[in-house]
Amino acid sequence: MHHDWFLSGKYGLFIHFGLYSILGGEYNGKRTDFLSEWIMLSLDIPVKEYEKLTLQFDPVHFNADEICCKAVEWGMKYICFTAKHHDGYAMFRSYADPYNSFDNSKCRRDFVKELADSCRKYGIVFCLYYSQAQDWHHKDGYRAYQDNSKINFRRYLDEKCIPQVKEILSNYGDIGMIWFDTSMGMTYQESKELVNIVRSLQPNCLINGRIGNNLGDYMTTQDNHIPAYPIKKPWEIPATLNSSWAYKHFDNDWLTPENVLQKFLNIVARGGNYLLNIGPKGDGSIPEESVKILDTIGMWLKKSGESIYGTHAIDTYVYEAPNLRFTHKDYELFVHVLDPHRFAGKQISLQNIANTVKQVNWIGRSDLNSDNMLRVSKTLDGDPYWGLNIPENLDECMVLSAKIVTEEKDFIQKML
Ligand code: GLC
């Protein structure tokens, strides 16, 4: 299987977009206090009522080229789009089920096709989210937190899930990964059946951890939960910028760019990929707040990308160092200082790192002198000691990153 783009890419764009985006978390004057893409279930909207949203669905500002162009600017290497979420509405032309954005909408558009074409044009790996077990439109799909004892799940699999999974893997060229979600009561056999279909149609397509029954190609963490320690096999975290995946017009709980960057460094330092979400509005436009945050991170990545892409997890640095994050590639160690202003003009000590230093410089800061930035010495007890000299004047700076080229390929720590 071809994993390289995933392992080195580190950063992807999740897009939650569908009929629920029109509601923005509010239906008939009632606001959901849960995820906005769950509104149909949470506010108990009858299928026939929810279906009426198709009559209005006309996202004139949804522009796949623009999204891909932005994703490139933001430094993202892949896009994962909701082909069908739990509400059961397909965002592509499905021959298996007419409840889709081409056959049943005001706009008559195939969003999967539009994005597939744009991703190819902009060199982004195209991936699709597909809710394989929950489907609130098909009467035999699972519904979370409700009695599912009467459903004929086999019928749903045969009538909708399997044909649609085949469609998305057959009609849109190469799919980098298929992102399944909430497997609920699926049996090993049922998950395995989907895996076999993916393998037979697109042998290089990755399968995320939520296929169920431990059959994924890599680990998917809980939403927004960053592992506390390095994990050396491939993993990914799906994450939001506010408190919902799909657009929620009254959710102003935005992270700051600093928050996002710190999370990003935590994730990458521990070996993971950051799948960061936007929820376009009902008209297809991307919320301004998201754009601002992602622009800022994109600018940082443009200068500091070498410390992120292609890095892998290393052992945790042996000492408590709440302000330091380490990323690593063969022969290259990157030390990121969070909140660097706190340390302006001071020396940060890095102890018991036994690598031999060949060369050092500040990343993305041609204005800072690199000559005396690292003092390499030993403690009085003979332990390795590095002193990182933080300059006085840092100007605007969310994190200060040092690149340390070493003789040795690996990161070596030694306690005497
Ligand atoms: C959850 C939710 C869903 C969302 C997903 C993203 O499991 O069910 O709405 O798409 O997480 O990770």
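Residues numbered from 1 in each chain as written. Predicted model: local features only at pLDDT ≥ 70, side-chain atom pairs only at ≥ 80, totals over all residues. Heavy atoms only, no water.

## Quick look at empty space enclosed by the protein
Here is step 1: The tally for this structure, following the rule as stated, stands at one cavity of 30 Å³ or more.
Here is step 2: Split into classes, the residues belonging to the lining of the largest cavity amount to seven nonpolar, five polar and one charged. (1 Å grid on protein atoms, 1.4 Å probe; cavity = no way out; pocket = protein on both sides within 12 Å on 5 of 7 lines; lining within 4 Å. Points joined across faces, edges and corners; volume = space filled by probe spheres on them. Nonpolar A, V, L, I, M, F, W, Y, C, P; charged D, E, K, R; others polar.)

## Focus on the site of the ligand
Here is step 1: Taken together, 14 residues surround the ligand, and among them His16, Glu37, His85, His86 and Asp223 come closest.
Here is step 2: One of the side-chain nitrogen or oxygen atoms of tryptophan 38 is found 2.9 Å away from an oxygen atom of the ligand.
Here is step 3: A distance of 2.8 Å separates an oxygen atom of the ligand from a polar side-chain atom of histidine 85.
Here is step 4: For the ligand, whose accessible area on its own is 310 Å², the fraction buried by protein is 94%.
Here is step 5: Partitioned by chemical class, the residues of the shell around the ligand number six nonpolar, four polar and four charged. (Near = heavy atom within 4 Å. Polar contact = N/O pair within 3.5 Å; in protein donor to acceptor, adjacent residues only side chain to side chain. Areas by Shrake-Rupley, 256 points an atom, 1.4 Å probe, with all protein chains shown as cover.)

## Some remarks on the environment of arginine 365
Here is step 1: With respect to the secondary-structure elements, arginine 365 resides in the loop between strand S14 (357-362) and strand S15 (374-378).
Here is step 2: Taking the C-alpha atoms as reference, arginine 365 lies 9.4 Å from leucine 394; in sequence the two are 29 residues apart.
Here is step 3: When sequence neighbours within four positions are dropped, the list of residues in contact with arginine 365 reads Asn393, Leu394, Asp395, Glu396, Cys397 and Leu400.
Here is step 4: Looking at arginine 365, its side chain comes within polar contact range of the side chain of aspartate 367, at 3.0 Å. (Helix = DSSP H or I, 4+ residues; strand = E, 2+ residues; numbered from the N terminus. Contact = heavy atoms within 4.5 Å.)

## Regarding the nonpolar core
Here is step 1: Core analysis: the biggest nonpolar cluster contains 106 residues, and Tyr50 and Phe81 have the highest contact counts within it.
Here is step 2: If you tally residues by element for this core, the top one is helix H8 (residues 153-170), at eight residues.
Here is step 3: The next biggest cluster of nonpolar side chains, apart from the first, holds 24 residues, and it includes Leu324, Cys397, Ile404 and Phe411. (Core = buried A, V, L, I, M, F, W, Y, C linked by side-chain atoms within 4.5 Å. Buried < 20%, exposed > 50% of the residue type's maximum accessible area, 1.4 Å probe, protein only.)

## Some words on the domain arrangement of the protein
Here is step 1: Splitting the protein by domain gives domain 1 (4-307) and domain 2 (324-406).
Here is step 2: Centre-to-centre separation of domain 1 and domain 2, based on C-alpha positions: 38 Å.
Here is step 3: Between domain 1 and domain 2, the contact holds 14 residues from the first and 13 residues from the second.
Here is step 4: Contact between domain 1 and domain 2 buries roughly 1200 Å² in total, counting both sides, with carbon and sulfur atoms accounting for 65%.
Here is step 5: Summed over the three residues of domain 1 that lose the most area to domain 2, namely Leu265, Glu306 and Ser307, the buried surface amounts to 42% of that side.
Here is step 6: Joining domain 1 to domain 2, the criterion identifies one salt bridge. (Domains from an automatic or database assignment. Buried area = accessible area lost by both parts, 1.4 Å probe. Salt bridge = Lys/Arg side-chain N within 4 Å of Asp/Glu carboxyl O.)

## Observations regarding the pairing of strand S4 (residues 78-84)
Regular strands show a simple pattern: their side chains alternate between the two faces of the sheet.
Here is step 1: Within S4, seven of the seven residues are buried, which leaves the element mostly enclosed by the surrounding structure.
Here is step 2: Pairing analysis gives four bridges linking strand S1 (residues 11-15) to S4, with the strands arranged parallel. Each bridged residue has a counterpart across the sheet, and for isoleucine 15 the counterpart in S4 is phenylalanine 81.
Here is step 3: For S4 and strand S5 (residues 125-130), the ladder comprises six bridges, and the chain directions are parallel. Paired with isoleucine 79 across the strands is phenylalanine 126, a residue of S5.
Here is step 4: In terms of handedness, the path from S4 via helix H7 (residues 111-122) over to S5 forms a crossover that is right-handed. (Pairing = 2+ DSSP bridges. Right-handed = clockwise from strand over helix to strand, strands pointing away.)

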